[in-house]
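Descriptive structure summary
Below are the chains, spelled out letter by letter.
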There are 2 protein chains.
Amino acid sequence: MPASPIRKLVPYAEAAKKKGIHVYHLNIGQPDIETPKMVLDAVRNSNFTILEYSHSAGNESYRKKLVKYYQSVGINIHYNQIIITTGGSEAILFGFMTCLDAGDEVIIPEPFYANYNGFAVEAGVKVVPITSHIENGFALPPIQDFEKVITPRTKAIVICNPNNPTGYSYSEAEMQQIKELILKHNLYLFSDEAYREFTYEEKQFSAGHLEGVDDNVVIMDTISKRYSACGGRIGAFVTKNKALLDATMKFAQARLSPPGFAQIAGEAAVDLPADYFDTTKAEYKSRRDLIVSRLNAMKGVFCPNPGGAFYAMAKLPIDDSDTFCQWLLESFEYGGATVMLAPATGFYGTPGLGKQEVRLAYVLNLSAIDAAMDCLQNALKQYPGRTI
Amino acid sequence: MPASPIRKLVPYAEAAKKKGIHVYHLNIGQPDIETPKMVLDAVRNSNFTILEYSHSAGNESYRKKLVKYYQSVGINIHYNQIIITTGGSEAILFGFMTCLDAGDEVIIPEPFYANYNGFAVEAGVKVVPITSHIENGFALPPIQDFEKVITPRTKAIVICNPNNPTGYSYSEAEMQQIKELILKHNLYLFSDEAYREFTYEEKQFSAGHLEGVDDNVVIMDTISKRYSACGGRIGAFVTKNKALLDATMKFAQARLSPPGFAQIAGEAAVDLPADYFDTTKAEYKSRRDLIVSRLNAMKGVFCPNPGGAFYAMAKLPIDDSDTFCQWLLESFEYGGATVMLAPATGFYGTPGLGKQEVRLAYVLNLSAIDAAMDCLQNALKQYPGRTI
């Protein structure tokens, strides 16, 4: 089981803080945006007397509400096609467990969300990475790159759209290419859509918008980022494939039910006013614009403009991103502060890739981002392993 | 992946209810006892503004509180030896994932909690059952029965104490026998202690009370039954084995954090007044006494007196417990009501066992139990597959 590449630097951050250094956390996707008050109030104003197990697929009232939510984003499903999960994490684990046998293979464009590795280990599944590149903003790799690695054991493709860690938002044309591929080879498409609402140029094109692949597509969803409700641990496993739903329900029943309180929160969130995402998106967009422009203004730094999520990947003039990120916490400060970044190496399945790249989560407000970029700019001038 | 044996009868119960028949649910361990108000109020009165990820091991404040709880039951641990899990379910899954490789074997006295099978499938682990018997109240099988099935691939023993489904509470002498066994063969002991407080004759002897086996013992715990908080999905993985804690933390980090709201509930529960369990236990004990005496008064029925938990296993004069339990819901009523039981077949790993046994969860009040026993008594006279 691999250790979380994002969390392994935590002891260094704690040590820096003990020295009195302020750490700007751009390393983890924990938004600073407040959870909507009406979402928290739904839990606080609840009046049940027994905290009972819910249905293993989640409360029926919540699943029925979610049908309305999915309709609002152009995805038509029945509430029986939704299984509420313990975070998006469990939806991914369920997909791996249900659709793949031990030794089966899943193709994932890299860099990818590092915890896919962990869930793959738990399910005994082999992750086969195909590389996307910072030069074209981490667009979908050519379909022939997928074709090259498909074997009789390949059962599924995972995409994250918009993408963590790259921020890339797949176009409709790319999604149609993926559709042809999964039909040709009879593969599952696991589409992690945690950041669905957070696209800044075009609306997200969901795997749920693809036609004629109902039995292939599974949407892995979560309320964590959408409503800044990461700690609730509520997600969803969504598919129109009846056999797959039946099989996944067995896993859902084994763990009895998803968390009770946060289902109430999730249900309330569906009734947020239509402009909720406008405000949140406007905030994230201004942060993205700032961080991307600040990064690209630094000598030797390249940061493609991410179309979605709240992450940016940047190529830095450094020898090794793991060493650099640790050095930032251990040996650097600028005006009493430093910045914590996620080394990109942990997001690549291919050893050796990502050594000059870092992921920045723009989950801090504009002035904090500005200050963090001041730190980074100075750090790049001082870091002993700088390459320019 | 096996379907939940307890939940497979649910459609028949729903059909019975649609016909206007009242169903007494003795089939599932969902207590009717109210969740303590101060536990729910802790969540309702919380005032955070962002529902953030917690530490992957759970909130430090909660883990520190739990140290106090464990001290109160004679178990001395450090808060760093506790990983908060998503229900007891996840603690069991973590144990299987961390301690066993695919193909390794775990010995479990049967009948056992059926979902162990599901977690074993998820971890690719083989469950090796050894049979305990209703005639002696499901006491620990002789140690030579364990010895007979130990192979080089045997890595762990699972006990549930007090036991679900049998209600048996292992004696100190039995626990010492298990200790000798795990030391001799260098095995892990996974001790599921969900029902720790619910013993009616003697105090529970915990695996945490055993000396000299710190590296072998893992306690799988949960607040679900203890505080009637099943829907919160909060449990704990407790061990003094440092390497095991480190490895398990990787699984914990992959799924990010346990549920946030219910950690607040769990933390508040530690401060319940000392007499909280007295009241709850007195209620369960009177239910146990009633159900056991009613069962044993029925012709051809045998029900050993369970020392703990809130389950009783009964041997009935019937051909097949699955058929009987379905018949109760499909083809029987007494005064407009019927009773839902759990066929014991689902709790045995050995095919063919449990055909004359059912599990009864005494999670209803005394008058409901009385009425349910009236139903059962009459059902046994009418059931076409009765054997006397």
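Residues numbered from 1 in each chain as written. Chains lettered and ligands numbered in written order. Predicted model: local features only at pLDDT ≥ 70, side-chain atom pairs only at ≥ 80, totals over all residues.

What about the overall build of chain A?
- Within chain A, the secondary structure is distributed over 12 helices and 12 strands.
- Computed over C-alpha atoms, the radius of gyration of chain A comes to 21 Å, within 12% of the 21 Å expected from 2.2 N^0.38 for 388 residues, which places it in the range of a compact globule.
- When its C-alpha atoms are laid out on the principal axes, chain A stretches across 55 × 55 × 35 Å.
- Here chain A holds 388 residues, and the buried ones make up 54% of them.
- When contacts within chain A are restricted to residue pairs at least 6 apart in sequence, long-range pairs at least 24 apart make up 76% of them. (Helix = DSSP H or I, 4+ residues; strand = E, 2+ residues; numbered from the N terminus. Rg over C-alpha atoms; globule rule 2.2 N^0.38 Å. Buried ≥ 20, exposed ≤ 12 C-beta atoms within 10 Å, placed from the backbone. Contact = placed C-beta atoms within 7 Å.)

Quick look at the packing of helix 2 (residues 37-44) of chain A against helix 9 (residues 260-269) of chain A
Residue and element names in this part refer to chain A.
- Relative to each other, helix 2 and helix 9 sit at 140 degrees, their axes nearing to 8 Å. The angle between helix 2 and helix 9 places the two elements in the oblique class. Regarding helix 2 and helix 9, the two cross each other, and that crossing is right-handed. Where helix 2 approaches helix 9, its residues Met38, Val39, Leu40, Ala42 and Val43 are matched on the opposing element by Phe261, Ile264, Ala265, Ala268 and Ala269. (Axes fitted to C-alpha atoms, helices over the stretch in contact; angles between N-to-C directions. Parallel < 35°, antiparallel > 145°, perpendicular 65-115°, else oblique. Left-handed = near helix turned anticlockwise from the far one by under 90°.)

Side note on the relation of the copies chain B and chain A
- Take chain B, turn it by 180 degrees, move it 0.0 Å along the axis, and it overlays chain A with an RMSD of 0.0 Å. The relationship between the two copies is best expressed as a two-fold rotation axis. Using C-alpha coordinates, one finds that chain B approaches the rotation axis most closely at Arg44 of chain B, a distance of 2.0 Å.
- Mapped onto chain A, 100% of the interface residues of chain B are again interface residues, and the two copies thus contact each other with one and the same surface. (Least-squares fit on C-alpha atoms with pLDDT ≥ 70 in both.)

Remarks on the domain arrangement of chain A
All names here are of chain A.
- Taken domain by domain, chain A consists of domain 1 (7-34 + 276-382) and domain 2 (37-269).
- The centre of domain 1, based on its C-alpha atoms, is set 26 Å off from the matching centre of domain 2.
- Each side of the interface is counted separately: domain 1 has 31 residues, and domain 2 has 28 residues.
- For the side of domain 1 that touches domain 2, the element with the most residues is helix 10 (residues 276-296), which contributes 5 residues.
- For the side of domain 1 that touches domain 2, the class distribution of residues is 16 nonpolar, 8 polar and 7 charged. (Domains from an automatic or database assignment. Nonpolar A, V, L, I, M, F, W, Y, C, P; charged D, E, K, R; others polar.)

Digging into helix 11 (residues 321-330) of chain A
Residue and element names in this part refer to chain A.
- All of the buried residues along helix 11 are Ser321, Phe324, Cys325, Leu328 and Leu329. Axial view of helix 11: buried residues confined to an arc of 135 degrees, hence all on one face.
- Taken together, the buried residues of helix 11 touch helix 1 (10-18), strand 10 (337-340), strand 11 (342-343), strand 12 (357-361) and helix 12 (366-382). (Arc of directions from axis to C-beta.)

Concerning the interface of chain B and chain A
- Contacts between the two partners involve 45 residues from chain B and, on the opposite side, 45 residues from chain A.
- Listed by contribution, the elements that provide at least two residues to the side of chain B that touches chain A are helix 2 (37-44), helix 4 (87-99), helix 5 (115-123), helix 8 (242-254) and helix 9 (260-269) of chain B.
- When its residues are assigned to classes, the side of chain B that touches chain A shows 20 nonpolar, 17 polar and 8 charged.

Quick notes on the pairing of strand 9 (residues 311-315) of chain B
Residues and elements named next belong to chain B.
- Burial within strand 9 is extensive, with 4 of its 5 residues counted as buried.
- Two strands pair when backbone bridges link them, and strand 9 and strand 12 (residues 357-361) are joined in this way by 5 bridges, in the antiparallel orientation. If you follow Tyr311 over to strand 12, its bridge partner there is Ala361. (Pairing = 2+ DSSP bridges.)

Section: helix 10 of chain A
Residues and elements named next belong to chain A.
- Helix length check: helix 10, at 21 residues, gives a terminal C-alpha distance of 31 Å against a target of 30 Å (1.5 Å per residue), a fit within 8%.
- Looking at helix 10, one finds that the buried residues are Thr280, Tyr284, Arg287, Arg288, Ile291, Arg294 and Leu295. Buried residues of helix 10 fall within an arc of 140 degrees about the axis and therefore sit on the same side. In helix 10, those exposed residues whose orientation departs by more than 90 degrees from the buried face are Asp278, Thr279, Ala282 and Ser293.
- Considering only its buried residues, helix 10 is in contact with strand 9 (311-315), strand 12 and helix 12. (Expected span 1.5 Å × (residues − 1).)

Quick word on the sheet that holds strand 6 (residues 188-192) of chain A
Residues and elements named next belong to chain A.
- Taken together, the 7 strands give an open sheet; going across it, the order is 2-8-7-6-5-3-4, and neighbouring strands pair in mixed fashion. If you trace the sheet from one side to the other, it starts and ends with strand 2 (82-85) and strand 4 (126-131), each paired once. Adjacent strand axes in the sheet meet at a mean angle of 25 degrees, parallel and antiparallel pairs treated alike.
- When strand 3 (residues 105-110) meets strand 4, the two strands line up parallel, connected through 6 bridges. When the bridges of strand 4 are listed, Ile107 appears paired with Val128.
- Across the sheet, helix 4 (residues 87-99) is in contact with strand 2, strand 5 (154-160), strand 6, strand 7 (217-222) and strand 8 (235-239); its angle to strand 7 comes to roughly 155 degrees.
- Here helix 7 (residues 172-185) sits on the sheet in contact with strand 5 and strand 6, set at roughly 165 degrees to strand 5.

Remarks on the packing of helix 10 of chain A against helix 12 of chain A
Residue and element names in this part refer to chain A.
- With their axes 10 Å apart at the nearest point, helix 10 and helix 12 run at an angle of 15 degrees to one another. One finds that helix 10 runs roughly parallel with respect to helix 12. By crossing handedness, the relation of helix 10 to helix 12 is classed as right-handed. Contact residues: helix 10 offers Ser286, Arg287, Leu290, Ile291 and Arg294, while helix 12 offers Leu366, Ile369, Asp370 and Met373.
- Of the residues contributing to the contact of helix 10 with helix 12, the split by class is 5 nonpolar, 1 polar and 3 charged.

What to know about the pairing of strand 12 of chain B
Residues and elements named next belong to chain B.
- Of all 5 residues making up strand 12, 5 are buried, and the element is well covered by its neighbours.
- Neither face of strand 12 is left uncovered, since the one carrying Glu357, Arg359 and Ala361 and the one carrying Val358 and Leu360 both have all their residues buried.
- Where strand 11 (residues 342-343) meets strand 12, 2 bridges bridge the pair, whose relative direction is antiparallel. Pairing of Ala342 across the sheet is with Arg359, part of strand 12.

Considerations on the sheet that holds strand 9 of chain B
- Ordered by their spatial adjacency, 3 strands build an open sheet running 9-12-11 (chain B), and the pairing between neighbours is antiparallel. The outermost strands of the open sheet, each flanked by one partner alone, are strand 9 and strand 11 of chain B.

A short note on the confidence of the model for chain A
- In this model, chain A carries an average pLDDT of 96, and 100% of its residues clear a pLDDT of 70 or more.
- Interface confidence in the predicted complex, given as ipTM, is 0.95; pTM for the same model is 0.96. (pLDDT = per-residue confidence, 0-100.)

Comments concerning the environment of Ala173 of chain A
- One can find Ala173 of chain A in helix 7.
- Taking the C-alpha atoms as reference points, Ala173 of chain A and Phe205 of chain A, separated by 32 residues in sequence, lie 9.4 Å from one another.

Structural notes on the environment of Met340 of chain A
All names here are of chain A.
- The topology assignment puts Met340 in strand 10.
- Spatially, the C-alpha atoms of Met340 and Val301 are 17 Å apart, while their sequence positions differ by 39 residues.
- Leaving out residues up to four positions away in the same chain, Met340 has contacts with Leu9, Ala13, Val23, Tyr24, His25, Leu26, Asn27, Leu328 and Leu329.

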